[in-house]
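Overview (structure and organization)
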Amino acid sequence: SSTTLAPYKVEFLQAAINGGVLKFGSFELKSKRISPYFFNAGDFYRADLLRAISTAYAKTIIEVEESSSPLDFDIVFGPAYKAIPLSTSTVDKLADLKPEKYEKMCYSFDRKEAKDHGEGGKIVGAPLKGKRVLIVDDVVTAGTAKREAIGKIRQEGGIVVGILVALDRMEKLPAPNGDDPSTPMPSAIGELRKEYGIPVFAILTLNDIIEGLKGKIAKEDIERMEEYRVKYAASD
Ligand code: OMP
């Protein structure tokens, strides 16, 4: 496509490349698909990189909240483990960029295992009961991890109003017959939207990465991503 990426998205993509967060080669995904690229949000562990991703999340959120359909959320929720520093730094960045609106914004995240002593419970941070919750997570491929997070939040009485990820890989749901790539399947993000009736936003999509990196990385890596995009493209 010829649509230009917003400057903050270009900056974020550049930071992901510079920091080695976005890698090219051959990677097995959670879904068992073999991908020519991998985005590891766990590698944003240096202050400058953490700031690059929290800034991009915060700017995406501000864009949505200033649109005609704001989410009006109370809490940013980061599913354990990888999204915990992402969500907490995003809340901090929101308050930096727009203190009059976000100074009192809250975060929370889940424990992988419930604690049975001390304060107990499965959630750390702001209590979710009756609150409007925005999930901030790393990547959507098949959407499995997002379904788990939604389940946990609802169990605590929270209302999930949207999901924001750093990267939408634009893939279809796994086909039931051993995920045969020739089986037409709907998009993973589209199904999340339909199933839960909530919007899903991304800082970057696979299209953005391919368009944004043409001429900047090896031609072979671009070609492999283009082939992969076709192979796992959704039918809808
Ligand atoms: P789904 O639950 O299938 O959407 O998988 C998304 C998860 O896979 C992410 O939360 C990551 O843990 C992991 N992942 C990445 O981190 N980066 C990628 O580029 C691809 C994956 C993946 O395995 O699909």
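Preceding this paragraph is the structure being described.
This structure is a prediction, so every number in the text was calculated from the model and none was measured.

1. Thoughts on unusual backbone geometry
For the bond from Ala-80 to Tyr-81, the omega torsion is -10 degrees, close enough to zero to count as cis. Its location among the elements puts Tyr-81 in the loop between strand 3 (75–77) and helix 3 (83–97). For Lys-32, which is not glycine, the phi dihedral falls at a positive 80 degrees. Note on placement: Lys-32 falls in the loop between strand 1 (22–28) and strand 2 (34–39). One non-glycine residue with positive phi stands out, namely Asp-72, at about 50 degrees. Take Asp-72: it is sitting in the loop between helix 2 (47–65) and strand 3.

2. Overview of the nonpolar core
Membership of the largest hydrophobic core comes to 45 residues, with the highest contact counts inside it found for Phe-12, Phe-39, Phe-44 and Phe-73. At 8 residues, the largest contribution of residues to this core is made by helix 2. Sequence-distant contacts of Phe-39, defined by excluding residues within four places in its chain, comprise Phe-12, Ala-16, Val-21, Leu-22, Phe-44, Val-139, Ala-166 and Leu-167.

3. Let's talk about the site of the ligand
In the vicinity of the ligand lie 15 residues, with Phe-39, Asp-138, Thr-141, Gly-143 and Ala-145 positioned nearest. In this structure, an oxygen atom belonging to the ligand sits 3.2 Å away from a main-chain N or O atom of Thr-144. Here the ligand has 500 Å² of accessible area as a free molecule, and 91% of this is covered by the chains. Those elements that provide at least two residues to the shell around the ligand are strand 2, strand 6 (132–140) and helix 5 (144–155). Its residues placed into classes, the shell around the ligand shows 7 nonpolar, 3 polar and 5 charged.

4. Some remarks on the pairing of strand 8 (residues 200–205)
Buried residues dominate strand 8, accounting for 5 of its 6 residues. Pairing of strand 7 (residues 159–168) with strand 8 involves 5 bridges; the strand directions are parallel. Directly across from Leu-164, in strand 8, lies its bridge partner Phe-201. For the crossover from strand 7 across helix 6 (residues 188–196) to strand 8, the handedness is right-handed.

5. Quick notes on the pattern of salt bridges
Applying the stated rule across the entire model yields 15 salt bridges. The salt bridge involving Glu-195 is made with Arg-147; its shortest N-O contact spans 2.7 Å. Separated by 48 residues along the polypeptide, Glu-195 in helix 6 and Arg-147 in helix 5 bring together distant segments of the chain. Classification of Glu-195 as partly exposed rests on a relative accessible area of 47%. Of the residues examined, Arg-147 reaches a relative accessible area of 22% and is grouped as partly exposed. Across the pair Asp-221 and Arg-224 runs a salt bridge whose closest N-O atoms are separated by 3.0 Å. Of this pair, Asp-221 and Arg-224 are both found in helix 8 (residues 219–231), 3 residues apart, which corresponds to roughly one turn of the helix. We classify Arg-224 as partly exposed; its relative accessible area is 41%. Each of Arg-33, Arg-169, Glu-171 and Asp-179 takes part in one network of salt bridges that share partners.

6. Considering the pairing of strand 7
In terms of residue burial, strand 7 counts as a mostly covered element, since 9 of its 10 residues are buried. Across 8 bridges, the pairing between strand 6 and strand 7 is parallel. Counterpart to Val-139 in the pairing with strand 7 is Leu-167. After leaving strand 6, the chain enters helix 5 and then returns to the sheet as strand 7, a path that is right-handed.

7. Points about the sheet that holds strand 8
Taking strand neighbours across the sheet as the criterion, the 6 strands line up as 5-4-3-6-7-8 in an open arrangement whose pairing is mixed. Both edges of this open sheet fall to strand 5 (121–125) and strand 8, since each of them pairs with a single strand only. Taken over all neighbouring pairs, the strand axes of this sheet differ in orientation by 25 degrees on average, direction set aside.

8. A look at the environment of Leu-86
The topology assignment puts Leu-86 in helix 3. A residue is classified by how much of its surface remains accessible, and Leu-86, at 1% relative accessible area, is buried. Remark: the alpha-carbon pair of Leu-86 and Tyr-37, spanning 49 residues in sequence, is separated by 21 Å. The residues touching Leu-86, leaving out its near neighbours within four places in the chain, are Ala-41, Leu-50, Ile-53, Tyr-57 and Asp-138.

Cut-off values and rules
- Residues numbered from 1 in each chain as written.
- Predicted model: local features only at pLDDT ≥ 70, side-chain atom pairs only at ≥ 80, totals over all residues.
- Heavy atoms only, no water.
- Helix = DSSP H or I, 4+ residues; strand = E, 2+ residues; numbered from the N terminus.
- Core = buried A, V, L, I, M, F, W, Y, C linked by side-chain atoms within 4.5 Å.
- Buried < 20%, exposed > 50% of the residue type's maximum accessible area, 1.4 Å probe, protein only.
- Contact = heavy atoms within 4.5 Å.
- Near = heavy atom within 4 Å.
- Polar contact = N/O pair within 3.5 Å; in protein donor to acceptor, adjacent residues only side chain to side chain.
- Areas by Shrake-Rupley, 256 points an atom, 1.4 Å probe, with all protein chains shown as cover.
- Nonpolar A, V, L, I, M, F, W, Y, C, P; charged D, E, K, R; others polar.
- Pairing = 2+ DSSP bridges.
- Right-handed = clockwise from strand over helix to strand, strands pointing away.
- Salt bridge = Lys/Arg side-chain N within 4 Å of Asp/Glu carboxyl O.
- Axes fitted to C-alpha atoms, helices over the stretch in contact; angles between N-to-C directions.

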